[in-house]
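Chain and residue survey
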Amino acid sequence: YREGQYVFVNCPSVKPLEWHPFTISSPPQKDTFSLHIQVQGPGSWTEGVRNHLCSMRPEGKTFHEFHRRNAEGQLVKGRIYGPNEKQILLIDGPHSAPTQHMTEYEVAIIAGAGIGLTPVVACTESIVYHRWKYGLGK
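Residues numbered from 1 in each chain as written. Predicted model: local features only at pLDDT ≥ 70, side-chain atom pairs only at ≥ 80, totals over all residues. Heavy atoms only, no water.

With that out of the way, let us pick up the overall build of the protein. The helix and strand tally for the protein stands at two helices and five strands. Beginning at the N terminus, the succession of helices and strands in the protein can be written as β-β-α-β-β-β-α. The principal-axis extent of the C-alpha atoms belonging to the protein is close to 50 × 40 × 30 Å. Within the protein, buried positions represent 24% of all 138 residues. Of the contacts formed within the protein by residues at least 6 apart in sequence, a portion of 55% connects residues at least 24 apart. (Helix = DSSP H or I, 4+ residues; strand = E, 2+ residues; numbered from the N terminus. Buried < 20%, exposed > 50% of the residue type's maximum accessible area, 1.4 Å probe, protein only. Contact = heavy atoms within 4.5 Å.)

Next up on the list: the packing of aromatic side chains. Overall, the coordinates contain three aromatic pairs when judged by the stated rule. When the ring of Tyr-6 is compared with that of Phe-8, the centres are 5.7 Å apart and the planes differ by 75 degrees; the resulting orientation is edge-to-face. Assessed through its relative accessible area of 28%, Tyr-6 is described here as partly exposed. On the basis of relative accessibility, which here comes to 27%, the residue Phe-8 falls in the partly exposed class. Seen from their ring centres, Phe-22 and Trp-45 are 6.1 Å apart, and the 25 degrees between their planes marks the pair as stacked. One end of the pair, Phe-22, is in strand β2 (residues 20–23); the other, Trp-45, is in helix α1 (residues 45–54), with 23 residues separating them in the sequence. A relative accessible area of 13% places Phe-22 in the buried class. (Phe/Tyr/Trp six-rings, centres within 6.5 Å; stacked < 30°, edge-to-face > 60°.)

Where nonpolar side chains cluster on the molecular surface, the patch consists of Tyr-1, Phe-33, Leu-89 and Ile-91 and spans about 330 Å² of accessible area. With respect to the secondary-structure elements, Leu-89 resides in the loop between β4 (75–77) and β5 (90–95). (Patch = residues over 30% accessible without salt bridge, like charges linked within 9 Å, V, L, I, M, F, W, Y side chains within 5 Å. Areas by Shrake-Rupley, 256 points an atom, 1.4 Å probe, with all protein chains shown as cover. Salt bridge = Lys/Arg side-chain N within 4 Å of Asp/Glu carboxyl O.)

Looking now at the side chain of Asn-10. Residue position: Asn-10 is located in strand β1 (residues 6–10). Using a relative accessible area of 0% as the deciding quantity, one classes Asn-10 as buried. Separated by 3.5 Å, the side chain of Asn-10 and the backbone oxygen of Lys-15 make a polar contact. (Polar contact = N/O pair within 3.5 Å; in protein donor to acceptor, adjacent residues only side chain to side chain.)

What follows is the structure, encoded as structure tokens:
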């Protein structure tokens, strides 16, 4: 994926036919892929996803990393299936975005506000990684 791209997310245990777009909030140079999802209120799809994820964490914990066993039996980060044997999340994408070619230019001006702030975060982090990798700005 590239800076500012987005994906569609589905949570089959919440609403199997609903797909929602979310901007990828991590730069492509990072080892992890992240989305920031804000719960939109009672009865919303996002609240259902949060409740589904929270139902899989140990009681009393506010933060929990999911783990699973790989084919060799080693414990690795990430979990694919929930307790109901359905995939926890389905991801479709990434899909293109105007900022994805940003690192091809010597100078870039990026502006964002409100919901447009998420791609700016990924772009800013990407600039930092890009500058260190290629030694720009010395």
